[in-house]
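Read off the chains here:
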Amino acid sequence: MNDLMIESRDLRFAYEKGTDVLTDVSFSLAEGEKVGLIGRNGAGKSTLLKLLVGLELPNTGTLRIRGIPVERKTLSEIRRMIGYVFQDSDSQLFMTTVEEDVAFAPRNYGFSEEEVEKRVTDALEKVRIPHLRKKSVYKLSGGEKKLASLATILSMTPDIILLDEPTVTLDPGNRSNLIRLLNGLDCSLFIASHDLDFIWDTCSRVLILSEGRIVCEGPSEEILRNGDLLRKNGLELPLSLIQRDRCK
Amino acid sequence: MSRIGQAISEIQTLESVSREDRWMNRIHPLSKLCLTVFYIVLTVSFSKYDLAGLFSMILYPAIAFMTADLSVRDAFRRLRAVLALVAVMGIANPFFDRTAILSFGAFTVTGGIVSMISLFMKAVFTVFAAYLLIATTPMDDICYALRLLFVPRILVTLLLLVYRYLTMLMKEAGRVTDAYLLRAPGQKGIHFRAWGPLAGQMLLRSADFAGVLYESMLLRGFTGEFRPTFRHSLKASDLLWPLGWASVLILLKLFPLVSVLGRLVTGNWN
C-alpha cells in the first residue's frame, strides 16, 4: 500500500483565464486504496478527474501517475494505466454490441484475438453480465449500461479506475451490485460522487472539494460522520448513518 | 414508439441481421464489397433504352436475397423513402424525350417513358444490391474491406464515425422532439417558429456529445483507426461467390436473358 498511484501537488486549472476551477489541489492515492471525492455540484470533481487522465492539462502544479508526470507526451502511457468510467454511460458505449465495446480497448492496444477474447470474457464475468455479450448496446437498461461501461474499462486491466457519479442512473439493486463489485476489485479506485452512502460503502478515505479547493481529507468514518462539515460544504450526512443513529 | 425511435430500431435490427451466423454473412467482406461495386457499375452501364438487358440484372438480387434468407418485403419497407425519391427523379423524362419508340394502336411508347422505367430499374437494382451488402456485412467489416482496397484511413474512419454518431444524433433528436411535444399538447409536429432554436440546440448538444464520445475513445487507446473485428483472412472459398456471379453478370450483359428467351420462343436468331 506504499506505492503512490496518484500524486498531485498544488494543481491549478482554469477553463478561462482568471476563473480558476481548481486551486492548489494536493492529494495522493496509494496502491489499492479506494478514495471518494465529494462536493456539491460545480465543485470541480469532474474537472479533476479529467485532469487525471489528461483530457485537460493543469495550468500549474504537478500531477504524477505512478511517478510519471501527466504531460502531452506521456498521455498514451498514462491512459494505459487509468480507466475512466464516464457519468453518462451513453458516452462510454459507442460500438454496436457489448462484446465489441468491451473489446475496443484491448484491440486498440494491439492484443492478439485470443487475448482480446479472454479479456472480454473475464471483464463480462467480473461484472456478471456474460449473458449480455451479444446484446445491442442500444437495447441495454440504465443499470446494464453502467455495468457494461465498467466492463469496457476492466478489459484494459487498469491500475487505477476513476468513476464519475457512478450511481446516478442506478436502481437500488444495481447500486448494491456495483458496490459489491467495486469492493471486490484489487485496483485503486477514485470515485467522484455526491451519493455519500455509496462513498461510505466503497471508500476508506474521503476528500471534500469545495469551490475548486480540497478543504478537508481523512478517513470516511471521520468525515462522513461530521454533519457540520458536510452541511458547510453543501452535503448531508449519509442516510444509512442517520437511520443507524436513529435505531440506536 | 416515435418515428425516430422506430428509425433507430430499424438501424439496430439491420445491424443485428448483418451479424447473424449465416453462410452469406460469413463470406469475406472484401468479396462481397467487390461484387457489389461490380454489379452496380455493370447495371449503371446499360443504355437508357436497353430495358431487356437491364431486366436480366434482376437475377443477382433475386437469387442473393433468397440465398441470404432476407425478406424482400422488409427491404422495400426500409428503402421506401429512397425508392420514392428515385421514382421522382425520372418523372420528368417523358416530358423531355418524346421520341416514339413503339406503338400499340393509338398508344405510343416514347423514349422518355422507357428511360424513366430504365432509370427506376437501375436505381432499384443498385439500391437493393447495396442493401444486400449492408444486411449481410456489419459496417465495421465493410470499412475493413475498404481499407483493404486502399481507401484512405481518414475516409474510412470518418465513415465509421458518422455511422456511430448517426444513432446518437437520432436519439438526441428524439429527446429534443419529445421534450418539445410534451410542452405543446394538441399540436401536430413542431411549429416552424421553433425549428431554428431546436435545430441549434440539437447541433450544440450533438457537438458536445460527439466530443465526449471521442474523449471516451481516446481514453481506450483509439489512435485514429478502428481495428477490424473480422476474424479470418481471404480464402479461396470466399472468391467462389463473387467470381461465379461476375461471370454470370458478364454473360447477362453480353447475352441478355430476356432477349435470349424471346429468341428461343420465336426461333428468330437473326
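Residues numbered from 1 in each chain as written. Chains lettered and ligands numbered in written order. Predicted model: local features only at pLDDT ≥ 70, side-chain atom pairs only at ≥ 80, totals over all residues. Heavy atoms only, no water.

### What about the nonpolar core?
Within the largest apolar cluster, 48 residues are counted, with the highest numbers of intra-cluster contacts made by Ile38, Leu150, Ile161 and Leu182 of chain A. The dominant element in this core, judged by the number of residues it contributes, is helix H6 (residues 142-154) of chain A, at 6 residues. With sequence-adjacent residues up to four places away left out, Leu182 of chain A is seen in contact with Lys34, Leu150, Leu163, Leu189, Ile191, Phe198 and Thr202 of chain A. Leu29, Leu75 and Tyr84 of chain A together with Leu219 of chain B belong to the second largest nonpolar core, which has 35 residues in total. (Core = buried A, V, L, I, M, F, W, Y, C linked by side-chain atoms within 4.5 Å. Buried < 20%, exposed > 50% of the residue type's maximum accessible area, 1.4 Å probe, protein only. Helix = DSSP H or I, 4+ residues; strand = E, 2+ residues; numbered from the N terminus. Contact = heavy atoms within 4.5 Å.)

### Focus: the environment of Pro228 of chain B
If you trace the backbone, Pro228 of chain B turns up in the loop between helix H12 (192-218) and helix H13 (236-254). Here the alpha-carbon distance between Pro228 of chain B and Ser56 of chain B, two residues 172 residues apart in the chain, equals 36 Å. If near-sequence neighbours (up to four positions away) are discounted, Pro228 of chain B is found in contact with Arg107 of chain A together with Tyr144 of chain B.

### Section: the interface of chain B and chain A
Frequently, the measure chosen for interface size is the accessible area removed from exposure when the parts meet. The partner chain A presents 30 residues to the 27 residues of chain B that form the contact. Of the roughly 2,600 Å² buried at the junction of chain B and chain A (both faces included), carbon and sulfur atoms supply 57%. Seen at the junction of chain B and chain A, the total is 3 salt bridges. The shortest N-O distance in the salt bridge between Arg19 of chain B and Glu100 of chain A comes to 2.4 Å. Summed over the shared surface of chain B and chain A, the result is 9 residue pairs in polar contact (both at pLDDT 80 or more). Where the side of chain B that touches chain A is concerned, the elements lending two or more residues are helix H1 (3-18), helix H11 (153-182) and H12 of chain B. Ranked by the residues each element gives to the side of chain B that touches chain A, the list is headed by H12 of chain B, at 7 residues. (Buried area = accessible area lost by both parts, 1.4 Å probe. Salt bridge = Lys/Arg side-chain N within 4 Å of Asp/Glu carboxyl O. Polar contact = N/O pair within 3.5 Å; in protein donor to acceptor, adjacent residues only side chain to side chain.)

### What to know about the sheet that holds strand E5 (residues 68-69) of chain A
All names here are of chain A. The 4 strands lie next to each other as E2-E1-E4-E5, forming an open sheet whose pairing is antiparallel. At either end of the open sheet lies a strand with only one pairing partner, and these are strand E2 (19-30) and E5. Of the strand pairs in this sheet, strand E1 (residues 4-16) and strand E4 (residues 60-65) are connected by 5 bridges, and their pairing is antiparallel. Considered in E4, the bridge of Ile6 is made with Ile65. (Pairing = 2+ DSSP bridges.)

### A short note on empty space enclosed by the protein
Under the counting rule described, the total for this entry stands at 3 cavities of 30 Å³ or more. In this structure, the largest cavity spans a volume of roughly 200 Å³. Of all the secondary structure elements, the ones that give two or more residues to the lining of the largest cavity are H1 and H11 of chain B. Broken down by element, the lining of the largest cavity gets its largest block of residues, 5 residues, from H11 of chain B. Taken together, the residues of the lining of the largest cavity break down into 8 nonpolar, 4 polar and 5 charged. The volume enclosed by the second largest cavity comes to roughly 50 Å³. The wall of the second largest cavity is formed by Met95, Glu100, Phe104, Arg107 and Asn108 of chain A together with Phe226, Arg227 and Thr229 of chain B. Looking at the lining of the second largest cavity, its residues break down into 3 nonpolar, 2 polar and 3 charged. (1 Å grid on protein atoms, 1.4 Å probe; cavity = no way out; pocket = protein on both sides within 12 Å on 5 of 7 lines; lining within 4 Å. Points joined across faces, edges and corners; volume = space filled by probe spheres on them. Nonpolar A, V, L, I, M, F, W, Y, C, P; charged D, E, K, R; others polar.)

### So, the domain arrangement of chain B
Residues and elements named next belong to chain B. By the assigned domains, chain B splits into domain 1 (20-137 + 234-259) and domain 2 (139-228). For domain 1 and domain 2, the distance between their C-alpha centres works out to 31 Å. Between domain 1 and domain 2, the contact holds 8 residues from the first and 8 residues from the second. Three residues stand out in domain 1 for area buried against domain 2, namely Leu30, Leu33 and Thr137, and they jointly supply 58% of the buried area on that side. (Domains from an automatic or database assignment.)

### What to know about the sheet that holds strand E9 (residues 205-210) of chain A
Residue and element names in this part refer to chain A. Taken together, the 6 strands give an open sheet; going across it, the order is E6-E7-E8-E3-E9-E10, and neighbouring strands pair in mixed fashion. Of all strands in the sheet, those bounded by a partner on one side alone are strand E6 (82-85) and strand E10 (213-219). For this sheet, the mean inter-axis angle between neighbouring strands, taken without regard to orientation, is 15°. Relative to strand E8 (residues 188-192), strand E7 (residues 160-164) is paired through 5 bridges, and the arrangement is parallel. For Asp164, the partnering residue across the bridge sits in E8 and is Ala192. (Axes fitted to C-alpha atoms, helices over the stretch in contact; angles between N-to-C directions.)

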